[in-house]
Amino acid sequence: MFNKIRTHLVKEGPRFLRYPLQVTPFALQRDILEQFLSWQFRESLAEGDLHFLEDKWLKVEIRDLHLQWFISVRDDKLVVSRLEKEDVSFSGNANDLILIAARKEDPDTLFFQRRLQIEGDTELGLYVKNLMDAIELDSMPSVLRFGLLQLAEFVKSGLQEEKEDTLHRHELSSTSC
């Protein structure tokens, strides 16, 4: 019973979150994202590792939530904007992006499965992907890291259960023919 509920929540959760997140004022989204990103990438910013984003725009889109942000570096600070002309874009569904963030899925695997899309400047996209790969979960506050890892396990289990249910239904329909 719990597995069915988990699978349903994983499958339908983004749909339930879509409206509340869409009506959240952009200024609040921007402030939260800029603070979080600046904190998470403080060392990279200080060491100049994000210089590749100077005067370039990375579009991050969460397709099933209908959310998108444009991220760049200006004056050694990460900035988030609502509408810019992107140089490269990364897009995926919420569950897949959670799995990537928690290191439960490899971005390359999801890219080749067409679950993660990367479009635009190939070299810039590679820099961004390498930056994503370099993020140390241990550098996150323990509460955030724990929450992310628990959410990712919940999502992964729900997706696995859905995959097994689909396979089981397919096997049943094949044997009844």
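All values reported here derive from a predicted model rather than from experimental measurement.

*Asks:* How should I be thinking about the overall build of the protein in this particular structure?
*Replies:* Within the protein, the secondary structure is distributed over 7 helices and 5 strands. Along the protein, from the amino end to the carboxyl end, the secondary structure elements read α-α-α-β-β-β-β-α-α-β-α-α. Each principal axis of the C-alpha distribution contributes one length, and for the protein these read about 65 × 30 × 30 Å. Sorting the 177 residues of the protein into buried and exposed places 35% on the buried side. Considering only contacts within the protein whose residues lie at least 6 apart along the sequence, 70% involve residues at least 24 apart. Seen as two clouds, the 23 positive and the 31 negative side-chain charges of the protein have centres 6 Å apart.

*Asks:* How do you make sense of helix α2 (residues 26-40) when you look at a structure like this?
*Replies:* Every α-helix winds through 3.6 residues per turn, so residues three or four apart in the chain are directed the same way. The first and last C-alpha atoms of α2 sit 20 Å apart over 15 residues, in line with the 21 Å expected at 1.5 Å per residue. Buried residues of α2: Phe26, Gln29, Leu33, Glu34, Leu37 and Gln40, and no others. In an axial view of α2, the angular spread of the buried residues amounts to 140°, which keeps them on one side of the axis. Exposed and facing more than 90 degrees away from the buried side of α2 are Ile32 and Gln35. Residues of α2 that are buried in the fold lie against α1 (2-22), α3 (42-46), β2 (67-74) and β3 (77-81).

*Asks:* In this structure, what is going on with the environment of Ser81? I would like to understand it.
*Replies:* With respect to the helices, strands and loops of the structure, Ser81 is situated in strand β3. Taking relative accessible area as the criterion, Ser81 reaches 15% and is therefore assigned buried. Residues Ser81 and Phe26, 55 residues apart in the sequence, show an inter-C-alpha distance of 8.8 Å. In this structure, Ser81 is in contact with Phe26, Trp57, Trp69 and Phe70, ignoring residues within four places of it in sequence. A polar contact of 3.0 Å, which involves the side chain of Ser81, links it to the side chain of Glu84.

*Asks:* So what exactly am I meant to see when it comes to the pairing of strand β4 (residues 88-92) here?
*Replies:* The side chains of a regular strand alternate, first on one face of the sheet and then on the other. Taking burial as the measure, the 5 residues of β4 include 5 buried ones, the bulk of the element. Pairing of strand β1 (residues 58-62) with β4 involves 5 bridges; the strand directions are parallel. Within β4, the residue paired with Lys59 across the bridge is Ser89. Taken together, the 5 bridges between β4 and strand β5 (residues 116-120) define a ladder with antiparallel strand orientation. Opposite Gly92, over in β5, you have Leu116 as the bridge partner.

*Asks:* What is the right way to look at a nonpolar patch on the surface in this model?
*Replies:* The grouping of Met1, Ile5 and Leu9 at the surface amounts to a nonpolar patch, some 340 Å² of accessible area in total. Along the chain, Ile5 turns up in helix α1.

*Asks:* Teacher, can you tell me more about unusual backbone geometry here?
*Replies:* With phi around 55°, His66 is a residue other than glycine that occupies positive phi space. Considering the arrangement of structural elements, one finds His66 in the loop between β1 and β2. In this structure, Asp76 is a non-glycine residue whose phi angle is positive, near 60°. Secondary-structure assignment places Asp76 in the loop between β2 and β3.

Rules used throughout
Residues numbered from 1 in each chain as written. Predicted model: local features only at pLDDT ≥ 70, side-chain atom pairs only at ≥ 80, totals over all residues. Heavy atoms only, no water. Helix = DSSP H or I, 4+ residues; strand = E, 2+ residues; numbered from the N terminus. Buried < 20%, exposed > 50% of the residue type's maximum accessible area, 1.4 Å probe, protein only. Contact = heavy atoms within 4.5 Å. Lys, Arg positive; Asp, Glu negative; His and termini not counted. Charge placed at Lys NZ, Arg CZ, Asp CG, Glu CD. Expected span 1.5 Å × (residues − 1). Arc of directions from axis to C-beta. Polar contact = N/O pair within 3.5 Å; in protein donor to acceptor, adjacent residues only side chain to side chain. Pairing = 2+ DSSP bridges. Patch = residues over 30% accessible without salt bridge, like charges linked within 9 Å, V, L, I, M, F, W, Y side chains within 5 Å. Areas by Shrake-Rupley, 256 points an atom, 1.4 Å probe, with all protein chains shown as cover. Salt bridge = Lys/Arg side-chain N within 4 Å of Asp/Glu carboxyl O.

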